[in-house]
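Summary of the model geometry
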Protein chains: 6
Amino acid sequence: MNDLLQKPRKVYVSRKIEFNAAHRLFNPHVTDEENFQIYGKCSNKYGHGHNYLLEITLCGIVNRDSGFLFDLKELKSILEKEIIARFDHRHLNHDVAELVDCVPTTEVLAVLIWEILEQRLNNINNREFSLHEVKLYETGKNAVRYLGE
Amino acid sequence: MNDLLQKPRKVYVSRKIEFNAAHRLFNPHVTDEENFQIYGKCSNKYGHGHNYLLEITLCGIVNRDSGFLFDLKELKSILEKEIIARFDHRHLNHDVAELVDCVPTTEVLAVLIWEILEQRLNNINNREFSLHEVKLYETGKNAVRYLGE
Amino acid sequence: MNDLLQKPRKVYVSRKIEFNAAHRLFNPHVTDEENFQIYGKCSNKYGHGHNYLLEITLCGIVNRDSGFLFDLKELKSILEKEIIARFDHRHLNHDVAELVDCVPTTEVLAVLIWEILEQRLNNINNREFSLHEVKLYETGKNAVRYLGE
Amino acid sequence: MNDLLQKPRKVYVSRKIEFNAAHRLFNPHVTDEENFQIYGKCSNKYGHGHNYLLEITLCGIVNRDSGFLFDLKELKSILEKEIIARFDHRHLNHDVAELVDCVPTTEVLAVLIWEILEQRLNNINNREFSLHEVKLYETGKNAVRYLGE
Amino acid sequence: MNDLLQKPRKVYVSRKIEFNAAHRLFNPHVTDEENFQIYGKCSNKYGHGHNYLLEITLCGIVNRDSGFLFDLKELKSILEKEIIARFDHRHLNHDVAELVDCVPTTEVLAVLIWEILEQRLNNINNREFSLHEVKLYETGKNAVRYLGE
Amino acid sequence: MNDLLQKPRKVYVSRKIEFNAAHRLFNPHVTDEENFQIYGKCSNKYGHGHNYLLEITLCGIVNRDSGFLFDLKELKSILEKEIIARFDHRHLNHDVAELVDCVPTTEVLAVLIWEILEQRLNNINNREFSLHEVKLYETGKNAVRYLGE
């Protein structure tokens, strides 16, 4: 089976999910004026929100038996428990314990998602892949990529 | 000029804009439990948010001199003053006067946007067009259309 | 609550879902040559497939208490039972009882989905809305709309 | 075959194509200053351009034998001869005979495409469908629909 | 001509094409139960299908005379002969000789497309570019990249 | 604040903008026939046009105080002055000084945009980021990436 895989093949497999959340860019250690100077209307008091689009990329050698790098059904289940349950329909400043004392910029959120998934994926036995990239789109125009460096 | 327009031509012209806002689906006249039963996680306390995509459609006879139904530069300016300034980077439940004592569902928001634009466009003299449709996408999957009926 | 809804407001609410299916355009009552003449490579023996995108639109008066036309959580549940369970990851010619003795063109499939949903939605008590449109995209370029006429 | 089609079914079938063209919004019967006042930077001397996206919708009763409203292979061939050959990789002001003495706004272009296709489709014998709508997107944000009225 | 190209410039040029195919994830060397455990509903007997979107990326130094890395008209012609003719409107398990005794996962298909194109592009004389990446989207949510490693 | 940023975090931040321009692929040093042989209908006399989509990616360490790599409001302002003002609603062959004696292919345009932005961003004091990539989409199907190599 799968003669194309006799030679090891390194692939990158990506999966997109979406979550809808509110956030406010605000640093409590500086004045409101300074916050407005840095964050503009993103510092408005009650926050605003986004349809965040998250793209997770795993990297590794394709399994010769299954033809998969990693079972996307299992990845989907992990993303629902670790990402959707934590962020979807939440206000990032109020509802997410890991973001207390953080300004929830897209950069910070991408780093946090990396940390959560890296730790969770490390618990899978005999894994032959690694987390390669977290890409988070705040809107259709803006995105941040973090590769764990 | 524009011989194709000797005969009156009725066209529909659409323009899309985007705004990012937070909202919470919550009716203060019923209990938290009832709110959760009706609105689910959309009733979470601090709200969540969306990249709202709004598509405005005007309808009327093309002007034979300009070849336009309506100057899109002027429409853009109206949408920035009436829609972006009012809704963008806001929390709909806290920051929008017109939505006090409303549950800011996509349906309600589409009706409100119709009312705002219908009134504003009525003030334009000699207008040869009318507001035809407000279409509001809450996500890439859900949308509401309102035609003023 | 919801003063904007004191006047009845007729809205159109749309929801998109996706299913992945195989099909073959083939009429067993005519020859292979005639099939190829009518359907071209769409008549290839084992079939081909699509990521079908289905957009359902309901129409009616917004409920003044909830601000909803119809609870999208309930609509999602209906679509999963009636559409996803029936069509997703299926070969339309072999696996769908309703399509036996049909050529599963996008036109026929849109009509079938209308019949299924119209019957299912009729069973909801006190419903204040009706099925308005079934729109089925076979690819990003081709789509069929059916409004029950 | 196709029992679902025993009852006549009226469907709307849409097909999208793209063409890339340059244009300039400029009326030679008024001054440059007046052109700039009406058309702004769209009146720049050498023109600018767009990836125009055109969506053609036909309407009629599904054919009970084929399950098609109209063969999309034939529609594609018509669109290539009538639309792509005429507009693609052209400068609309210089290269399109039908647009001489026109300001090639999206409105005017949509009306012209209707006229071309309406005449061409009328030449098909025994046709059971009609041209329903021409929708022309100039960008992802702006579009014009014309229904022949 | 092209003074910007006096210094050698390494660019990555991408081209997207689409093909519609059916497939079934099924390993004939294990039982149906094991197949269902590994592949879930993707192992359904007659298969399902997708609108596959393929993005090919070439890499190399821009030609100083033409301003091109590689003529996209020629690339399009190669992709039609090697990819569209082989995969479009096919059932991958039945109709593609190279996939006999393979489970046609997106990973395996991306590797196969790399092998086909790498061999074909090697036959072009004096080529100054190389195949950089094959990216294959099975749906809008899932994609696999292969870079030949 | 921002404990996640105690460890330096290298991120890639992308921003998309669009401009609409005309161009003609034509080399004045060779004959019209040779131009047609190399560039096909892209060499038509008056040019054609595109909705160009430009994606700029910056790379660097997230600022621990702001949670930003770089203020996107400032990036937007730079892109409007350097890119939109120069290319939007222009004919690239006639209106852009930097492209005189160039064939304005997507490759050449991507390199030019890199040169413009690299020079402009170098003038920002204390900058902790660098320009990582210019990606320019000519259509939804074709794109060129340049990374300054």
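The structure this text deals with has already been given above.
Heads up: these notes are all about the structure in this document.

Reading the values: the criteria
- Residues numbered from 1 in each chain as written.
- Chains lettered and ligands numbered in written order.
- Predicted model: local features only at pLDDT ≥ 70, side-chain atom pairs only at ≥ 80, totals over all residues.
- Heavy atoms only, no water.
- Helix = DSSP H or I, 4+ residues; strand = E, 2+ residues; numbered from the N terminus.
- Buried < 20%, exposed > 50% of the residue type's maximum accessible area, 1.4 Å probe, protein only.
- Contact = heavy atoms within 4.5 Å.
- Areas by Shrake-Rupley, 256 points an atom, 1.4 Å probe, with all protein chains shown as cover.
- Lys, Arg positive; Asp, Glu negative; His and termini not counted.
- Charge placed at Lys NZ, Arg CZ, Asp CG, Glu CD.
- Least-squares fit on C-alpha atoms with pLDDT ≥ 70 in both.
- Polar contact = N/O pair within 3.5 Å; in protein donor to acceptor, adjacent residues only side chain to side chain.
- Patch = residues over 30% accessible without salt bridge, like charges linked within 9 Å, V, L, I, M, F, W, Y side chains within 5 Å.
- Salt bridge = Lys/Arg side-chain N within 4 Å of Asp/Glu carboxyl O.
- Axes fitted to C-alpha atoms, helices over the stretch in contact; angles between N-to-C directions.
- Left-handed = near helix turned anticlockwise from the far one by under 90°.
- Nonpolar A, V, L, I, M, F, W, Y, C, P; charged D, E, K, R; others polar.
- Disulfide = S-S within 2.5 Å.
- Bend = angle between axes of the 7 residues up to and from the residue.
- Pairing = 2+ DSSP bridges.
- Buried area = accessible area lost by both parts, 1.4 Å probe.
- Phe/Tyr/Trp six-rings, centres within 6.5 Å; stacked < 30°, edge-to-face > 60°.
- Lys NZ or Arg CZ within 6 Å of the ring centre and 35° of its normal.

Our next topic: the overall build of chain A. Helix and strand content of chain A: four helices and five strands. Ordered by position in the sequence, the α and β elements of chain A form the string β-α-β-α-β-α-α-β-β. Along the first, second and third principal axes, the C-alpha atoms of chain A reach 65 × 25 × 25 Å. Buried positions account for 59% of the 149 residues belonging to chain A. Expressed as a percentage of contacts within chain A between residues at least 6 apart in sequence, the contacts between residues at least 24 apart total 73%. A total of about 6,200 Å² of accessible surface is found on chain A, and carbon and sulfur atoms cover 46% of it. Of the charged side chains in chain A, 19 are positive and 22 negative, and the gap between their average positions amounts to 6 Å.

Once that is clear, we can look at the relation of the copies chain D and chain B. Relative to chain B, chain D is turned by 120° and slid 0.0 Å along the rotation axis, the superposed coordinates differing by an RMSD of 0.0 Å. Such a turn and shift between the copies fits a three-fold axis. Across chain D, the rotation axis passes nearest the C-alpha of G140 of chain D, at a separation of 8.4 Å.

Okay, the environment of H89 of chain B next. Checked against the element boundaries, H89 of chain B lands in the loop between α2 (72-87) and β3 (90-91). Residues H89 of chain B and A22 of chain B lie 67 residues apart in sequence; the distance between their C-alpha atoms is 7.6 Å. The contact partners of H89 of chain B, leaving out residues within four places of it in the chain, are K41, C42, N44, G47 and H48 of chain A together with N20 of chain B. Of the polar contacts made by the side chain of H89 of chain B, one reaches the side chain of D88 of chain B; its length is 3.1 Å.

All right, on to the arrangement of the chains then. One finds no contact linking chain B with chain E; the least C-alpha distance across the pair is 12 Å. Chain D shows no contact with chain E. Their nearest C-alpha atoms sit 14 Å apart.

So, about the side chain of H91 of chain A. Within the secondary structure layout, H91 of chain A lies in strand β3 (residues 90-91). Taking the relative accessible area as the measure of exposure, H91 of chain A reaches 2% and is therefore buried. If we ignore the near neighbours within four places in the chain, the residues touching H91 of chain A are A22, H23, R24, Y46, G47 and V96 of chain A together with Y46 and G47 of chain B.

Now for the side chain of N27 of chain F. All names here are of chain F. Among the secondary structure elements, N27 is positioned in the loop between β1 (10-23) and α1 (32-39). Classification of N27 by relative accessible area gives buried; the value is 8%. From its side chain, N27 meets the backbone nitrogen of H29 in a polar contact 2.9 Å long.

To continue, consider a positive patch on the surface. On the surface, a cluster of positive charge is contributed by K76 of chain A, K141 of chain B, K76 of chain C together with K141 of chain E. When you line up the elements, K141 of chain B lands in the loop between β4 (129-137) and β5 (142-146).

In this section: unusual backbone geometry. Residue and element names in this part refer to chain B. In the Ramachandran plot, D101 falls in the positive-phi region, its phi being about 65° despite a non-glycine side chain. Mapped onto the elements, D101 comes out in the loop between α3 (92-95) and α4 (106-122). Under the relative-accessibility criterion, D101 is labelled partly exposed at 36%.

In this section: the packing of helix α2 (residues 72-87) of chain F against helix α4 (residues 106-122) of chain F. Residue and element names in this part refer to chain F. Two numbers describe how α2 lies on α4: the axes approach to 11 Å, and their chain directions differ by 145°. α4 is crossed by α2, and the crossing has right-handed handedness. Mapping the contact onto sequence places I78, L79, E82, I83, R86 and F87 in α2 and L109, L112, I113, I116, L117, R120 and L121 in α4. Residue composition of the contact of α2 with α4, grouped by class: 10 nonpolar, no polar and three charged.

Attention now moves to the state of the cysteines. Scanning all chains against the criterion turns up zero disulfides over all chains. Here C59 of chain E stays free of any disulfide, with the sulfur of C59 of chain A as its closest cysteine sulfur at 18 Å. What makes C59 of chain E buried here is its relative accessible area of 9%. The thiol of C102 of chain F is unpaired, and the distance to the nearest cysteine sulfur, on C42 of chain F, comes to 17 Å. Take C102 of chain F: its relative accessible area is 9%, and that puts it in the buried class.

Residues and elements named next belong to chain F. E80 marks where α2 bends most, by close to 40°. Among the residues of α2, those classed as buried are L75, I78, L79, E82, I83 and F87. Buried-residue contacts for α2 involve β1, β2 (48-61), β3 (90-91), α3 (92-95) and α4.

Taking burial as the measure, the five residues of strand β5 (residues 142-146) of chain F include five buried ones, the bulk of the element. Burial along β5 of chain F is two-sided: the residues N142, V144 and Y146 of chain F and A143 and R145 of chain F are all buried. Sheet topology note: the strand β1 (residues 10-23) of chain E/β5 of chain F ladder contains five bridges and is antiparallel. In the strand pairing of β5 of chain F, Y12 of chain E is matched with R145 of chain F. Across four bridges, strand β4 (residues 129-137) of chain F lies against β5 of chain F in antiparallel orientation. Looking across to β5 of chain F, one finds that Y137 of chain F is bridged to A143 of chain F. What sits between β4 of chain F and β5 of chain F in their antiparallel hairpin is a turn of four residues.

Moving on, we get to the interface of chain D and chain C. On the side of chain C, 26 residues touch chain D, which itself brings 27 residues to the contact. Here chain D and chain C share an interface that buries about 2,200 Å² over both sides, 53% of which is from carbon and sulfur atoms. The tally of links between chain D and chain C comes to two salt bridges. Put simply, K10 of chain D and E149 of chain C hold a salt bridge, and the shortest N to O gap is 3.8 Å. The tally of links between chain D and chain C comes to 11 residue pairs in polar contact (both at pLDDT 80 or more). Of all the secondary-structure elements, those providing two or more residues to the side of chain D that touches chain C are β1 (10-23), β2 (48-61) and α2 (72-87) of chain D.

Let's shift gears to the interface of chain D and chain B. Counting from both sides, the interface comprises 26 residues of chain D and, opposite them, 28 residues of chain B. For the pair chain D and chain B, the two sides together bury roughly 2,300 Å², of which 54% comes from carbon and sulfur. Considering only the side of chain D, the residues that lose the most area to chain B are E107, R145 and E149 of chain D, jointly responsible for 25% of the buried surface there. Across the chain D-chain B interface, the total number found is two salt bridges. Where chain D packs against chain B, one counts 11 residue pairs in polar contact (both at pLDDT 80 or more). Of all the secondary-structure elements, those providing two or more residues to the side of chain D that touches chain B are α1 (32-39), α4 (106-122) and β5 (142-146) of chain D. Residue classes in the side of chain D that touches chain B are distributed as 13 nonpolar, six polar and seven charged.

Turning next to the packing of aromatic side chains. One pass over the full model with this rule turns up 30 aromatic pairs over all chains. Look at Y39 of chain B and F68 of chain C: their rings are 5.4 Å apart centre to centre, the planes differ by 70°, and that puts the pair in the edge-to-face class. Of this pair, Y39 of chain B sits in helix α1 (residues 32-39) while F68 of chain C sits in the loop between β2 (48-61) and α2 (72-87), on two different chains. What makes Y39 of chain B buried here is its relative accessible area of 2%. Residue class for F68 of chain C comes out buried when judged on its relative accessible area of 15%. In textbook terms, an aromatic cluster arises when at least three aromatic residues are bridged by ring pairs, as seen for F19, Y52 and F87 of chain A. A cation sits over an aromatic face here: R145 of chain A above Y12 of chain F, 4.7 Å from the ring centre. The ring of F26 of chain C has R24 of chain C sitting right over it, with the charged end atom 3.7 Å from the ring centre.

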